[in-house]
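Each chain is listed here by its residues.
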Amino acid sequence: MAELIVALDVQTREEAVERVKTIGDAVGFYKIGLELFSAEGPDVVKAVKDLGKKVFLDLKFHDIPRTVERAVKSAAKLGVDLMTIHSAGGRAMIRAAADAAAGFGASAPAILAVTVLTSLDASDLADIGVAGRTPAEQVAALARLAVDSGANGLVCSPKEVGSLSRSLPKGTFFVTPGVRPAGAAVGDQKRVATPADAVRDGATHLVVGRPVLAAPDPALAARDILAEMSAAGA
Ligand code: C5P
């Protein structure tokens, strides 16, 4: 069964706690990203954990292996369940993150690797020295590197999830943002998929922000997405 993760894209701990309480039992997993973490720090992670929820800490670590290893340990001590690193940090950095997490045994966070940010196109890749590969080829190469180096899964766009889930080992997590229920506002997302399509393509976790947070009844919006996921065979 794929899981729904609601992106807590708010600015304060109070707002975050209020949203989680409003949504209630409908959702058990929340993403805390750079905006909220930079404002509120580890306290907001603890507050969401104290409400009995799982936390996806999306800080996209990218540094030398020793620094990433120590940062993963710090995040694991907070009890986070999923967290992100950049595959472009290389094999040793990914391995350091995976080993640091594994040291926490049953409470280890799963390490997800980001491949190519969806904001980058072919000319951006050329600017940073990635020539001779399309963005899709670079995504596939970095995804393989990440999984071979011990990452538990990948953050991938709805456009990528089908081919990645077919080519990578069973048990790999595929965490997919850019999900919009039919009829929902697309906002600034360019390539979207419905919850049902993402699940059918192999997504194991869907990250949804505004379609839940901005809904008149966020709990109902979340339940509708979960029903669509379940009908698609999640
Ligand atoms: O509101 P919305 O559903 O678009 O939120 C999606 C969440 O997933 C946001 O927190 C956004 O930063 C994140 N995300 C994304 N696209 C990516 C990576 C992360 O939308 N490629």
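Before reading further, recall that the structure is shown in the block above.
The model shown is predicted, which means the values in this text are computed figures rather than measured ones. (Residues numbered from 1 in each chain as written. Predicted model: local features only at pLDDT ≥ 70, side-chain atom pairs only at ≥ 80, totals over all residues. Heavy atoms only, no water.)

Focus: the sheet that holds strand S5 (residues 110-114)
Taken in spatial order, the eight strands of this closed barrel run S1-S2-S3-S4-S5-S6-S7-S8, and their pairing is parallel. Here the strands of the sheet are splayed against their neighbours by 25 degrees on average, with no regard to which way each runs. Of the pairings in the sheet, the one linking strand S1 (residues 3-7) to strand S2 (residues 29-33) comprises two bridges and is parallel in character. Its bridge partner being in S2, valine 6 is matched across the sheet by tyrosine 30. This element, helix H4 (residues 65-77), spans strand S3 (54-61), strand S4 (82-86) and S5 of the sheet and lies at about 160 degrees to S3. (Pairing = 2+ DSSP bridges. Helix = DSSP H or I, 4+ residues; strand = E, 2+ residues; numbered from the N terminus. Axes fitted to C-alpha atoms, helices over the stretch in contact; angles between N-to-C directions. Contact = heavy atoms within 4.5 Å.)

Points about the site of the ligand
Surrounding the ligand, one finds Ala7, Asp9, Lys31, Thr118, Pro177, Arg180, Gln189, Val207, Val208, Gly209, Arg210 and Pro211. The separation between an oxygen atom of the ligand and a polar side-chain atom of lysine 31 is 2.9 Å. Separating an oxygen atom of the ligand from a side-chain N or O atom of glutamine 189 is a distance of 2.7 Å. For the ligand, whose unbound accessible area comes to 460 Å², protein coverage reaches 78%. Only strand S8 (205-208) and helix H10 (210-213) provide two or more residues apiece to the shell around the ligand. Of the residues in the shell around the ligand, the class split is five nonpolar, three polar and four charged. (Near = heavy atom within 4 Å. Polar contact = N/O pair within 3.5 Å; in protein donor to acceptor, adjacent residues only side chain to side chain. Areas by Shrake-Rupley, 256 points an atom, 1.4 Å probe, with all protein chains shown as cover. Nonpolar A, V, L, I, M, F, W, Y, C, P; charged D, E, K, R; others polar.)

Focus: the pattern of salt bridges
Applying the stated criterion across every chain yields a total of 10 salt bridges. Residues aspartate 81 and lysine 49 are paired through a salt bridge, measuring 3.0 Å at the closest nitrogen-oxygen approach. With aspartate 81 in the loop between H4 and S4 and lysine 49 in helix H3 (residues 42-50), this residue pair connects regions lying 32 residues apart in the sequence. It is possible to trace a salt-bridge network through shared partners that takes in Lys31, Asp58 and Lys60. (Salt bridge = Lys/Arg side-chain N within 4 Å of Asp/Glu carboxyl O.)

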